[in-house]
2 protein chains.
Amino acid sequence: MPNESSAPEGAAPGPAAASSAGRTLTTTSYAILALLAVRPWTPYELAQQMDRSMRWLTPRSASVVYEEPKRLVADGLAEAAKEFTGKRGRTVYGITEAGREVLRAWLAGEAGPADARESDLLRIAVADLGELDDLRRTLARMRADADERLAQTRARAAEYQDTGGPFPARLPVISLVTRMFLEQSEAMARWAAWAEEAVAEWDGVTRETGARVPDDAFGEAGSEARE
Amino acid sequence: MPNESSAPEGAAPGPAAASSAGRTLTTTSYAILALLAVRPWTPYELAQQMDRSMRWLTPRSASVVYEEPKRLVADGLAEAAKEFTGKRGRTVYGITEAGREVLRAWLAGEAGPADARESDLLRIAVADLGELDDLRRTLARMRADADERLAQTRARAAEYQDTGGPFPARLPVISLVTRMFLEQSEAMARWAAWAEEAVAEWDGVTRETGARVPDDAFGEAGSEARE
DNA sequence: GCAACATACTCCGCCCCGGAGTATGTTGCC
DNA sequence: GGCAACATACTCCGGGGCGGAGTATGTTGC
């Protein structure tokens, strides 16, 4: 059976296709789109800004940052304007109304790249481009995920402790990494619960509209971690 | 066949070049090699086992798991034996002495893929294929990394708190993700310190040779996290 | 006897990486 | 005023990895 997966310029929307785009948008797409929603950028600035603001969330190398806007333009989600300084050209990218729309849809829904972890965090970071309820829903989902993951990790740990695992001689080294996963998933679950609670008291998604920086947001995360 | 076509540095013996292989080995390479060091596997078993044991450490899709052993064979680090069940052939892969050697070298040194995080954790998980001192060195490095990362994260958090960041209106959402990074890096630093301490009391790297499962390895990671 | 499942793979388009390469602006210093 | 250093503005390419589709043969259970 011939694969018709590449239906490029046919404007044929796949079933799972994110709104108007003729491809599945990636986390990179949404990251760039979120930046463009703030103001127009040249690719160079975009690369700088991606490095500054997205490095911790979802790092992307410069070559990718140069590519993605072109695709967004092809999808009709961004637009490019050519400018010149002497004989030196440069492109300035802006977001289109369609672009804002898919961004809003992404912030509002489950749609988007399957790679949940990193894109969820991005969703939080740019939540002020969407609605308060979107943020709450995302946090609720993340909390559920984190709790489930924690439960799984604990179950695995308990199993190793009880049975010794398939290679009991290896248990000491295994215990080291297991403890690491416990620590990480507990941290995640703790955070998700905290964040959900904090946002429960918000009236909006920015400072002006009623969001508040929680008192303990920037301090020691675990009060007991002090030493 | 030396596919050296793209590397014009011909005579330059890269110090980071993993021993005899004509390419830079990836984390995947070491993961597979570590499995092969335990026993021979068919690709199908390998894929199963990768999913079982490496899913949390460094997940790889099946197609990659089928590809990698071929490369390892080309590098002389693994060997393939063809077997038949009726007219159905299958390959069984085993590790070569050269393979064990690069695995030992990887466990002993800094060499390997730059992507430190995930490969370090793998190094811990298969540390029983190497020496106790290798494990200690890896943990010391990880602890230093974790501490530095924590310091950076705290510095960024403090900066946001003091200056409000470039977009003060966005501070509430930013504070959410910042807190998440604080939580994560604290967890990591806490773990690294714990692990280093635990291993300090070991005499070997397996149970038989004097490694012990720490008492609190499988319990609540943070004693305060109980609720 | 046949369906369902397990085994044993191959192939392909796409994303992303990271480093090399190519230009042309602007700034600062002697 | 000249020139080096740095900033800006990109393109190109090989390779790793993903994930889903496709192919084919063995084994098991009803």
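Check the entry above for the structure.
All of the points below concern the structure found in this document. Everything numeric in this text was worked out from a predicted model, so none of it was measured. (Residues numbered from 1 in each chain as written. Chains lettered and ligands numbered in written order. Predicted model: local features only at pLDDT ≥ 70, side-chain atom pairs only at ≥ 80, totals over all residues. Heavy atoms only, no water.)

## Here we look at the protein's contact with DNA strand D
Keep this limit in mind: Residues are labelled near a given molecule or strand when at least one of their non-hydrogen atoms is within 4 Å of it. Here a polar contact is taken to be a pair of N or O atoms separated by no more than 3.5 Å, where protein atoms must pair a possible hydrogen donor with a possible acceptor and residues adjacent in sequence count only if both atoms sit in side chains. Helix and strand definitions follow DSSP, with helices as H or I runs of at least four residues and strands as E runs of at least two, each counted in order from the N terminus. Residues are grouped as follows: Ala, Val, Leu, Ile, Met, Phe, Trp, Tyr, Cys and Pro are nonpolar; Asp, Glu, Lys and Arg are charged; every other residue, Gly included, is polar.
The full set close to DNA strand D counts 23 residues, and Lys70(A), Arg88(A), Arg90(A), Lys87(B) and Arg88(B) are the nearest of them. Of all DNA strand D atoms lying within 4 Å of any protein atom, the proportion belonging to sugar or phosphate reaches 70%. Between DNA strand D and Arg88(B), the relevant distance is 2.7 Å, taken from a base oxygen to a side-chain nitrogen or oxygen of the residue. Among the secondary structure elements, those contributing two or more residues to the surface near DNA strand D are helix H2 (43-54), helix H3 (62-74) and strand S2 (88-95) of chain A together with helix H3 (62-74) of chain B. Considering every element that reaches the surface near DNA strand D, the biggest residue donor is S2(A), with four residues. The residue makeup of the surface near DNA strand D, split by class, is six nonpolar, ten polar and seven charged.

## Points about the interface of chain A and chain B
Frequently, the measure chosen for interface size is the accessible area removed from exposure when the parts meet. Keep this limit in mind: Residues count as neighbours in contact if any of their non-hydrogen atoms are within 4.5 Å of one another. When two parts are brought into contact, each loses some accessible area as probed by a 1.4 Å sphere; the total of that loss over both is the buried area. Salt bridges, as used here, are contacts in which a Lys or Arg side-chain nitrogen is within 4 Å of a carboxyl oxygen on Asp or Glu.
Each partner contributes residues to the interface: chain A has 59 residues there, and chain B has 59 residues. Buried surface at the junction of chain A and chain B, both sides included, amounts to about 5600 Å², of which 65% is carbon and sulfur. Taken as a group, Trp56(A), Arg179(A) and Phe218(A) account for 16% of the area that chain A buries against chain B, more than any other trio of residues on that side. Linking chain A to chain B there are six salt bridges. Its salt-bridge partner being Glu183(B), residue Arg190(A) comes within 2.9 Å of it at the nearest N-O pair. Connecting chain A to chain B are twelve residue pairs in polar contact (both at pLDDT 80 or more).

## Quick notes on helix H7 (residues 171-200) of chain B
Every α-helical turn comprises 3.6 residues, leaving residues that sit three or four positions apart pointing alike. The following threshold applies: Expected helix span is taken as 1.5 Å per residue step, with the number of steps being one fewer than the number of residues. Buried, partly exposed and exposed residues are distinguished by accessible area as a fraction of the type maximum, computed with a 1.4 Å probe on protein chains only: under 20%, between the cut-offs, and over 50%, respectively.
Relative to the 44 Å expected for 30 residues at 1.5 Å per residue, H7(B) spans 42 Å between its end C-alpha atoms, a close match to the ideal helical length. Among the 30 residues in H7(B), 24 count as buried, and that is most of the element.

## Considering the protein's contact with DNA strand C
Close to DNA strand C lie 24 residues, the nearest being Thr28(A), Arg88(A), Lys70(B), Arg88(B) and Arg90(B). Atoms of DNA strand C within 4 Å of the protein: sugar and phosphate make up 70%, bases the balance. Lys87(A) has a polar backbone atom sitting 3.0 Å from a phosphate oxygen of DNA strand C. Arg90(B) places a polar side-chain atom, nitrogen or oxygen, 2.9 Å from a phosphate oxygen of DNA strand C. Secondary-structure elements contributing two or more residues to the surface near DNA strand C are H3 of chain A together with helix H2 (43-54), H3 and strand S2 (88-95) of chain B. In terms of residue count, the dominant contributor to the surface near DNA strand C is S2(B) (four residues). Looking at side-chain class alone, the surface near DNA strand C contains five nonpolar, eleven polar and eight charged residues.

By themselves, these observations are geometric and do not establish any function.
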